[in-house]
Amino acid sequence: MATQIGRLNTLRVVKEKDFGVYLDAEELGEILLPKRYVPKNITLDQEIEVFVYLDSDDKLIATTDFPKAQVGEFAALTAVAVNQVGAFFDWGLPKDLLVPFSQQKNRVEEGETHLLFIYLDNITNRIVATTKVDALLNREEAPYRVGDKVSIVIGDKTNIGFKCVIDNRFWGVLFFEDAFRQLRKGEKTTGFIKQMREDGKIDLSLQEVGYKKVRNILDDILDYLDAQGGESPLTDKASPEAIYAVFKVSKATYKKALGALYKDKKILLTKEKVTKL
């Protein structure tokens, strides 16, 4: 696979110098990995995973420090500076990520956090980003079915829930009722398709949908009871936070699972505790 600027690449060491090692980037030539990033005991012909980008002098360079997001991905980042060129965002590397004024949906101010799409400027080979993300999503028909597992990035909070980017391709919404734990803008997590609406909109869940999500934690509850000596204070009255801390599911799902175990006469449920039978 060709070496990609703005992405992780596995490259081979071809030269060793006092100030670092050079890596074979094929059509991009040899790229320096500065000494401070070189792992101990590295040898010629050894392969190493690095991130390739342009340094402050617009020269290709490699690093073993990985950014918060790569070219082709969405991320919520915070602006750390604004000047006559545009806004600069912290993305985890020494050289901040530029969002030119022409790529700002609304004028960015220092300290603000925005959902960005990171891309490679094909003319300059510079890695830049844009806040004009709406036009980059929903450009094709979504291929999902209810229950599909997807990768999501948490976006802006609205009056009904959270806008989310699905698989770097589509918008979705995670309603507050399905956001049973604290979420932060820019967080990358796993989601599940809850509903495909006729208007093309996509509803999301943080846990598997249908009875499957209940069935999947039945054994977890019994195993937990065994580990606790057969009893647990996590009844159906426990807080959502306490339930999520142990089982990583919503309170509603946990209550349904307790109901199923009680019906099967595997537990005894009182106001104070859950007891394994």
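All values reported here derive from a predicted model rather than from experimental measurement. (Residues numbered from 1 in each chain as written. Predicted model: local features only at pLDDT ≥ 70, side-chain atom pairs only at ≥ 80, totals over all residues. Heavy atoms only, no water.)

Enquirer: Looking at this model, I keep getting lost on the overall build of the protein. Mind explaining?
Expert: On a plain count of helices and strands, the protein comes out with three helices and 18 strands. Taken against the 2.2 N^0.38 rule, which gives 19 Å for 277 residues, the C-alpha radius of gyration of the protein at 24 Å runs more than 25% over that of a compact globule. Considered along the principal axes of its C-alpha atoms, the protein spans approximately 70 × 50 × 35 Å. Looking at the protein residue by residue over its 277 residues, the buried ones come to 43%. (Helix = DSSP H or I, 4+ residues; strand = E, 2+ residues; numbered from the N terminus. Rg over C-alpha atoms; globule rule 2.2 N^0.38 Å. Buried < 20%, exposed > 50% of the residue type's maximum accessible area, 1.4 Å probe, protein only.)

Enquirer: Is there a simple way to explain the sheet that holds strand β18 (residues 274-276) in this structure?
Expert: Backbone hydrogen bonds hold the strands of a sheet together, and the pairing may be parallel or antiparallel. The strand order across the open sheet built from three strands is β16-β18-β17, with neighbouring strands paired in antiparallel fashion. Bordering the open sheet on either side are β16 (231-232) and β17 (267-269), each of which pairs with just one other strand. As defined by bridge partners, β17 adjoins β18 across three bridges and the pair is classed as antiparallel. Bridging from a neighbouring strand, L269 pairs with V274 of β18. (Pairing = 2+ DSSP bridges.)

Enquirer: It is not clear to me how the side chain of Q207 should be interpreted in this structure. Could you clarify?
Expert: Checked against the element boundaries, Q207 lands in the loop between β15 (202-205) and α1 (212-227). In terms of polar contacts, Q207 uses its side chain to reach the side chain of T253, at 2.7 Å. (Polar contact = N/O pair within 3.5 Å; in protein donor to acceptor, adjacent residues only side chain to side chain.)

Enquirer: What is the right way to read the pattern of salt bridges from this model?
Expert: For the structure on display, the rule yields 17 salt bridges. Residue E73 is joined to R7 by a salt bridge in which the shortest nitrogen-to-oxygen separation is 3.8 Å. Pair noted here: E73 is in the loop between β5 (60-63) and β6 (74-82) and R7 is in the segment before β1 (8-17), with a separation of 66 residues, a long-range link. Two residues, D58 and K95, come together in a salt bridge whose shortest N-O distance is 3.4 Å. Note that D58 is positioned in the loop between β4 (47-54) and β5 and K95 in the loop between β7 (86-90) and β8 (97-100), a separation of 37 residues in sequence. (Salt bridge = Lys/Arg side-chain N within 4 Å of Asp/Glu carboxyl O.)

Enquirer: What is the right way to read the environment of D65 from this model?
Expert: Its place among the elements puts D65 in the loop between β5 and β6. Linking D65 and V50, residues 15 residues apart in sequence, is a C-alpha distance of 7.6 Å. Sequence-distant contacts of D65, that is, excluding residues within four places in its chain, are made with Y37, F51 and L93. (Contact = heavy atoms within 4.5 Å.)

Enquirer: Looking at this structure, how should I read the pairing of strand β12 (residues 161-166)?
Expert: Each regular strand carries side chains that alternate between the two faces of the sheet. For β12, the tally of buried residues reaches five of six residues, placing the bulk of the element in the interior. Pairing geometry for strand β11 (residues 149-157) and β12, over four bridges, is antiparallel. By the bridge assignment for β12, I152 is matched with I166. Hairpin connection of β11 to β12: three residues between the antiparallel strands. Relative to strand β13 (residues 170-175), β12 runs antiparallel, the two sharing six bridges. Bridging across to β13, C164 finds its partner in G172. Counting the residues between successive antiparallel strands, the hairpin from β12 to β13 contains three residues, one of them, D167, with a positive phi of roughly 50°.

Enquirer: Just to check I follow, could you spell out the packing of aromatic side chains for this structure?
Expert: Here a ring pair, both rings aromatic, is described through the centre-centre distance and the interplanar angle of the planes. Applying the stated rule across the entire model yields eight aromatic pairs. Both rings, one in F51 and one in W91, keep their centres 5.7 Å apart while their planes meet at 80°; by these two values the pair is edge-to-face. Here F51 is found in strand β4, whereas its partner W91 is found in the loop between β7 and β8, with 40 residues between them in sequence. Plain terms: the ring middles of Y144 and F170 are 5.6 Å apart, the flat faces sit at 80° to each other, and that makes the pair edge-to-face. With Y144 in the loop between β10 (127-130) and β11 and F170 in strand β13, this pair connects stretches of sequence that are 26 residues apart. Owing to a relative accessible area of 11%, Y144 belongs among the buried residues under this scheme. These aromatic residues form a ring-pair network of at least three members: F51, Y53 and W91. For the cation-ring pair, K248 lies above Y244, with the distance from its terminal atom to the ring centre recorded as 5.5 Å. (Phe/Tyr/Trp six-rings, centres within 6.5 Å; stacked < 30°, edge-to-face > 60°. Lys NZ or Arg CZ within 6 Å of the ring centre and 35° of its normal.)

Enquirer: What am I meant to see in the pairing of β10 here?
Expert: Residues I127 and A129 line one face of β10 and the alternating positions V128 and T130 line the opposite face, and both faces are buried. Here strand β9 (residues 113-120) pairs with β10 via four bridges, running antiparallel. Paired with L120 across the bridge in β10 is I127.

Enquirer: Help me understand unusual backbone geometry, please; the structure alone is not making it clear to me.
Expert: Most peptide bonds take the trans form, and the phi angle of most residues other than glycine is negative. Its identity is not glycine, yet N138 carries a phi of approximately 60°, on the positive side. One can find N138 in the loop between β10 and β11. With a relative accessible area of 41%, N138 lands in the partly exposed category. Even without a glycine there, the phi angle at D167 is positive, about 50°. Within the secondary structure, D167 is located in the loop between β12 and β13. According to the relative accessible area criterion, D167 is partly exposed, its value standing at 28%.

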